[in-house]
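This is what each chain is made of:
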Amino acid sequence: QLDFTKFPAFPLRTEQPSGLDTAGVRFELSKALDLWARNSKLTFQEVNSDRADILVYFHRGYHGDGYPFDGKGQILAHAFFPGRDRGGDVHFDEEEVWLLQDDNTNEEGTSLFAVAAHEFGHSLGLAHSSVSGALMYPWYQGLSSNYELPDDDRLGIQQMYG
Ligand SMILES: CC(C)C[C@H](C(=O)NO)C(=O)N[C@@H](CC(N)=O)C(=O)NCc1cccc(N)c1
Ligand SMILES: [Zn+2]
Ligand SMILES: [Zn+2]
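An account of the accompanying structure is given in this report. (Residues numbered from 1 in each chain as written. Chains lettered and ligands numbered in written order. Predicted model: local features only at pLDDT ≥ 70, side-chain atom pairs only at ≥ 80, totals over all residues. Heavy atoms only, no water.)

## A short note on the pairing of strand β4 (residues 90-93)
Neither face of β4 is exposed, since V90 and F92 on one face and H91 and D93 on the opposite face are all buried. Of the strand pairs in this sheet, strand β2 (residues 54-59) and β4 are connected by four bridges, and their pairing is parallel. Considered in β4, the bridge of Y57 is made with H91. By the bridge criterion, three bridges tie strand β3 (residues 77-79) to β4 in an arrangement that is antiparallel. By the bridge assignment, H78 is partnered in β4 with H91. (Buried < 20%, exposed > 50% of the residue type's maximum accessible area, 1.4 Å probe, protein only. Helix = DSSP H or I, 4+ residues; strand = E, 2+ residues; numbered from the N terminus. Pairing = 2+ DSSP bridges.)

In structure tokens, the structure reads:
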């Protein structure tokens, strides 16, 4: 289950008058979750409650969990392995330039879908993979639009959730 009620005001993009739009963010996140659901028996339901298993936040710098973000670049996001309270939660560094699907601006940025797909892997219990090309490989690799989950990641999720 995914809770979106906790979104703070989105970071304003320098070139654009408005920040990230919530609807666009939800769409990228739901695509990222769908990637895992398509390759396992997992289902996800969006709920508007703090009691959701996966809470998604955008934070900057120190934000109270001992893993401060570092401004634009380097650390892009982090997620907590499954468990109570903040288990499963995902934090995105709001100082990144997050690109949504239809962002055809030529500005440098990071695909929210790609990072979300990776982070949700952590939320579901997957650690980093040494297989280059795997979604859970530690280093960001932009994903193609009709992206399919690489074998290493699919094996990992199916070992846990069938
Ligand atoms: C030690 C961790 C807190 C690093 C952090 C991460 O792995 N979060 O899940 C992270 O943001 N890693 C960057 C490393 C980097 N700056 O290239 C990353 O891109 N991770 C997200 C990611 C997204 C999409 C694909 C892959 N393979 C990795
Ligand atoms: Zn955090
Ligand atoms: Zn990671």
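Read on for the rest.
## Overview of the coordination of the zinc ion (ligand 3)
Bound to the zinc ion (ligand 3) are the protein donor atoms H118 (NE2), H122 (NE2) and H128 (NE2), situated 2.0 to 2.1 Å from the metal. Sequence spacing of the donor residues for the zinc ion (ligand 3), all on one chain, is H-x3-H-x5-H. Placement of both H118 and H122 in helix α2 (residues 112-123) is noted, with a separation of four residues, approximately one turn of the helix. Judged by its relative accessible area of 10%, H118 falls in the buried class. (Donors = N, O, S within 2.8 Å, 3.2 Å for Na, K, Ca; no water.)

## So, the coordination of the zinc ion (ligand 2)
The coordination sphere of the zinc ion (ligand 2) contains the protein donors H63 (NE2), D65 (OD), H78 (NE2) and H91 (ND1), at a distance range of 1.8 to 2.0 Å. Coordination at the zinc ion (ligand 2) is tetrahedral, judged from the four donor atoms that bind it and the angles of 99 to 117° they form at the metal. Looking at H78, the relative accessible area reads 14%, which means it is buried. Under the relative-accessibility criterion, H91 is labelled buried at 7%. (Tetrahedral: all angles 85-135°; square planar, octahedral: opposite > 155°, others 65-115°.)

## Considerations on the site of ligand 1
In the vicinity of ligand 1 lie 17 residues, with Q74, L76, E119, Y137 and W139 positioned nearest. L76 has a polar backbone atom sitting 2.8 Å from an oxygen atom of ligand 1. Relative to its unbound accessible area of 620 Å², ligand 1 is 81% covered by the protein chains. Contributing elements (two or more residues each) for the shell around ligand 1: β3 and α2. The dominant element in the shell around ligand 1, judged by the number of residues it contributes, is α2, at five residues. Tallied by class, residues from the shell around ligand 1 come to 10 nonpolar, six polar and one charged. (Near = heavy atom within 4 Å. Polar contact = N/O pair within 3.5 Å; in protein donor to acceptor, adjacent residues only side chain to side chain. Areas by Shrake-Rupley, 256 points an atom, 1.4 Å probe, with all protein chains shown as cover. Nonpolar A, V, L, I, M, F, W, Y, C, P; charged D, E, K, R; others polar.)

## A few points about the environment of D103
For D103, the location among the structural elements is in the loop between β5 (98-99) and β6 (110-111). Between the alpha carbons of D103 and D93 there is a distance of 18 Å; along the sequence they are 10 residues apart.

## A word on the layout of surface pockets
Each pocket or cavity is described by its volume, and for the largest pocket that value is around 480 Å³. If you go around the largest pocket, you meet 22 residues; those closest to its centre are L76, H118, E119, P138 and Y140. When residues of the lining of the largest pocket are traced back to their parent elements, those giving at least two are β3 and α2. In terms of residue count, the dominant contributor to the lining of the largest pocket is α2 (five residues). (1 Å grid on protein atoms, 1.4 Å probe; cavity = no way out; pocket = protein on both sides within 12 Å on 5 of 7 lines; lining within 4 Å. Points joined across faces, edges and corners; volume = space filled by probe spheres on them.)

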